[in-house]
Amino acid sequence: MARYKIEEYVRWEDIDAANIINYQAYLRFFGLAEAELFRSAGLSYRHLFDVLELWLPRVRVECDFRVPVTLDELLVVEAYFGKIGHTSIHIHFEVRRKSDP
């Protein structure tokens, strides 16, 4: 399946006292990429919620952290659909620094 990419800087509100990204900030990045993934498929959140009356509750989030990320680093977040079932959708995300291959 196709992947959708966004680029976003790590902002002041994303870091903790140790000057690295707070793990909860990744959810903001995921949310941005997810919204654009759906939009690229012609499904804005407004259309999903208001027209199709579909809601997207989060049931499970799992992350593997490999290297700390710090303030002002530009991240590339890729979002893509994994398993699409009758009552659920799995959305996968990959995050890397723009400077890394």
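Please refer to the structure placed before this passage.
Because the structure is a prediction, the values reported are computed rather than measured.

The next subject is a nonpolar patch on the surface. Residues Val 51, Leu 52 and Leu 54 make up a contiguous nonpolar surface patch of about 270 Å² in total accessible area. Within the element layout of this structure, Leu 54 appears in the loop between helix H2 (45-51) and strand S2 (74-84).

The subject of this paragraph is the nonpolar core. A general trend in soluble globular proteins is that nonpolar side chains are found buried together. Counting residues in hydrophobic clusters, the biggest one holds 17 residues, and the most contacted among them are Val 10, Ile 21, Phe 29, Val 69 and Val 77. The dominant element in this core, judged by the number of residues it contributes, is helix H1 (residues 25-40), at 7 residues. Not counting residues up to four positions away in its chain, the partners in contact with Ile 21 are Val 10, Asp 14, Ile 15, Asp 16, Tyr 26, Phe 29 and Val 69.

The next thing to look at is the sheet that holds strand S3 (residues 89-97). Here we have 3 strands laid out as an open sheet, ordered S1-S2-S3, and antiparallel in their pairing. The strands lining the two open edges of the sheet, one partner per strand, are strand S1 (4-9) and S3. Averaged over neighbouring strand pairs, the angle between their axes works out to 25° when direction is ignored. Taken together, the 6 bridges between S1 and S2 define a ladder with antiparallel strand orientation. From the neighbouring strand, Tyr 4 faces S2, where its bridge partner is Ala 79. Contacts from H1 reach S1, S2 and S3, with the element oriented near 145° to S1.

Our focus in this paragraph is the packing of aromatic side chains. For the structure shown, the criterion picks out 8 aromatic pairs. Cluster of aromatic residues (ring-pair linked, three or more members): Tyr 26, Phe 29, Phe 30, Phe 65 and Phe 93. Residue placement shows Arg 3 over the ring face of Tyr 80; its charged tip is 4.0 Å from the ring centre. Positioned above the aromatic ring of Phe 29, the side-chain terminus of Arg 28 is 4.7 Å from the ring centre.

This next bit is on unusual backbone geometry. The residue Asn 19 is not glycine, and still its phi comes out positive at about 70°. By the secondary structure assignment, Asn 19 is in the loop between S1 and H1. Assessed through its relative accessible area of 40%, Asn 19 is described here as partly exposed. A positive phi angle is found at Glu 53, which is not glycine, with a value near 55°. Mapping Glu 53 onto the fold places it in the loop between H2 and S2.

Here we come to the environment of Tyr 23. Within the fold, Tyr 23 resides in the loop between S1 and H1. Residue Tyr 23 is classed as exposed on the basis of its relative accessible area, which comes to 54%. Between the C-alpha atoms of Tyr 23 and Asp 100, which are 77 residues apart in sequence, the distance is 20 Å.

Cut-offs applied
- Residues numbered from 1 in each chain as written.
- Predicted model: local features only at pLDDT ≥ 70, side-chain atom pairs only at ≥ 80, totals over all residues.
- Heavy atoms only, no water.
- Patch = residues over 30% accessible without salt bridge, like charges linked within 9 Å, V, L, I, M, F, W, Y side chains within 5 Å.
- Areas by Shrake-Rupley, 256 points an atom, 1.4 Å probe, with all protein chains shown as cover.
- Salt bridge = Lys/Arg side-chain N within 4 Å of Asp/Glu carboxyl O.
- Helix = DSSP H or I, 4+ residues; strand = E, 2+ residues; numbered from the N terminus.
- Core = buried A, V, L, I, M, F, W, Y, C linked by side-chain atoms within 4.5 Å.
- Buried < 20%, exposed > 50% of the residue type's maximum accessible area, 1.4 Å probe, protein only.
- Contact = heavy atoms within 4.5 Å.
- Pairing = 2+ DSSP bridges.
- Axes fitted to C-alpha atoms, helices over the stretch in contact; angles between N-to-C directions.
- Phe/Tyr/Trp six-rings, centres within 6.5 Å; stacked < 30°, edge-to-face > 60°.
- Lys NZ or Arg CZ within 6 Å of the ring centre and 35° of its normal.

Any functional reading would require information that these geometric values do not contain.
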